[in-house]
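Inside the fold
What follows is each chain in one-letter form.
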Amino acid sequence: MKLFILTAALSLGLNAMTAVAANPNVNAKALKTFNAIFTNAQNVQWNTTADYNEASFRAGSISTRAVIDNNGVLIRTIRYYKENNLPSNILYKIKKKYDGKEIYGVTEVTSAEGTNYHIVVRDARNLYNVAADNNGSVTQTAKYKRGDI
């Protein structure tokens, strides 16, 4: 019985330790903003500097990084995902311009200047770096021969 009580107390103590803020250096205003905006965040990891707090986390199938300053202002978010989360106007233009090619990955960067998309398209021989903005403007920025074929 004593062993059971000791084990239970140890378990509760360890759980209490993990419930305490895992990142005591994260600014309180930044943490408040983060919790208000990213309610579905999982596996959150923080990095802090003197001026900024950066959270890396997952929300469903999307990996995200959020940068929040010490005043609680969201500075930038960077999201990594596949084509299914692209806005339909951009997806349409990419599918039309790169017919028969695969959208391999998307990096979405949102800041005060707007939202930009960095898209990697590939086929059997090449990789294409494509830039797009929220207005639907699509521009190929680079083309590379694939090294994995």
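To keep things clear, this report deals only with the structure shown in the data block. The structure presented is a predicted model; accordingly, all values stated were derived computationally and were not measured.

1. Description of a nonpolar patch on the surface
On the surface, a cluster of nonpolar side chains totalling about 240 Å² of accessible area is made up of Tyr 52, Val 73 and Ile 75. For Val 73, a relative accessible area of 42% gives the class partly exposed.

2. Some remarks on the pattern of salt bridges
This model, assessed by the stated rule, comprises six salt bridges. Among the ionic pairs, Glu 108 bridges to Arg 79, the shortest N-O distance being 3.1 Å. Within this pair, whereas Glu 108 is found in strand 5 (residues 102-111), its partner Arg 79 is found in strand 4 (residues 74-81), the two being separated by 29 residues in sequence. Exposure remark for Glu 108: the relative accessible area of 9% places this residue in the buried category. Residues Lys 95 and Glu 83 are paired through a salt bridge, measuring 3.1 Å at the closest nitrogen-oxygen approach. Here Lys 95, found in helix 3 (residues 88-97), pairs with Glu 83, found in the loop between strand 4 and helix 3; they are twelve residues apart in sequence, far enough to count as distant. A relative accessible area of 24% means that Glu 83 is categorised as partly exposed.

3. Details of the packing of aromatic side chains
Tallied over the entire structure, the rule returns five aromatic pairs. Between Phe 34 and Phe 57, the aromatic rings sit 5.2 Å apart at their centres with planes inclined by 85 degrees, giving edge-to-face as the arrangement. Here Phe 34, found in helix 2 (residues 28-37), pairs with Phe 57, found in strand 2 (residues 52-59); they are 23 residues apart in sequence, far enough to count as distant. No difference in accessibility class separates Phe 34 from Phe 57, as the two residues are buried. Between Tyr 98 and Tyr 128 the ring centres are 5.5 Å apart and the planes differ by 50 degrees, which places this aromatic pair in the tilted class. Here Tyr 98, found in the loop between helix 3 and strand 5, pairs with Tyr 128, found in strand 7 (residues 126-133); they are 30 residues apart in sequence, far enough to count as distant. In this structure Tyr 128 comes out as buried when scored by relative accessible area, which is 7%. Through pairs of rings, three or more aromatic residues link up here, namely Phe 34, Phe 38, Trp 46 and Phe 57. For Lys 82, the ring lying beneath its charged end belongs to Tyr 104, and the centroid distance is 4.8 Å.

4. Quick notes on unusual backbone geometry
In this structure, Asn 43 takes a positive phi of about 55 degrees despite not being glycine. Relative accessible area serves as the criterion here: at 61%, Asn 43 is assigned to the exposed category.

5. Describing the sheet that holds strand 8 (residues 138-145)
Reading across the sheet, the eight strands line up as 1-2-3-4-5-6-7-8 and stay open at both edges, with antiparallel pairing between neighbours. If you trace the sheet from one side to the other, it starts and ends with strand 1 (42-48) and strand 8, each paired once. Strand-to-strand twist in this sheet, taken as the mean axis angle between neighbours without regard to direction, amounts to 15 degrees. Two strands pair when backbone bridges link them, and strand 1 and strand 2 are joined in this way by five bridges, in the antiparallel orientation. The partner of Gln 42 across the bridge, within strand 2, is Arg 58. Along the sheet face, helix 2 touches strand 1, strand 2, strand 3 (62-69) and strand 4 and points at about 145 degrees away from the line of strand 3.

Conventions we followed
- Residues numbered from 1 in each chain as written.
- Predicted model: local features only at pLDDT ≥ 70, side-chain atom pairs only at ≥ 80, totals over all residues.
- Heavy atoms only, no water.
- Patch = residues over 30% accessible without salt bridge, like charges linked within 9 Å, V, L, I, M, F, W, Y side chains within 5 Å.
- Areas by Shrake-Rupley, 256 points an atom, 1.4 Å probe, with all protein chains shown as cover.
- Salt bridge = Lys/Arg side-chain N within 4 Å of Asp/Glu carboxyl O.
- Buried < 20%, exposed > 50% of the residue type's maximum accessible area, 1.4 Å probe, protein only.
- Helix = DSSP H or I, 4+ residues; strand = E, 2+ residues; numbered from the N terminus.
- Phe/Tyr/Trp six-rings, centres within 6.5 Å; stacked < 30°, edge-to-face > 60°.
- Lys NZ or Arg CZ within 6 Å of the ring centre and 35° of its normal.
- Pairing = 2+ DSSP bridges.
- Axes fitted to C-alpha atoms, helices over the stretch in contact; angles between N-to-C directions.
- Contact = heavy atoms within 4.5 Å.

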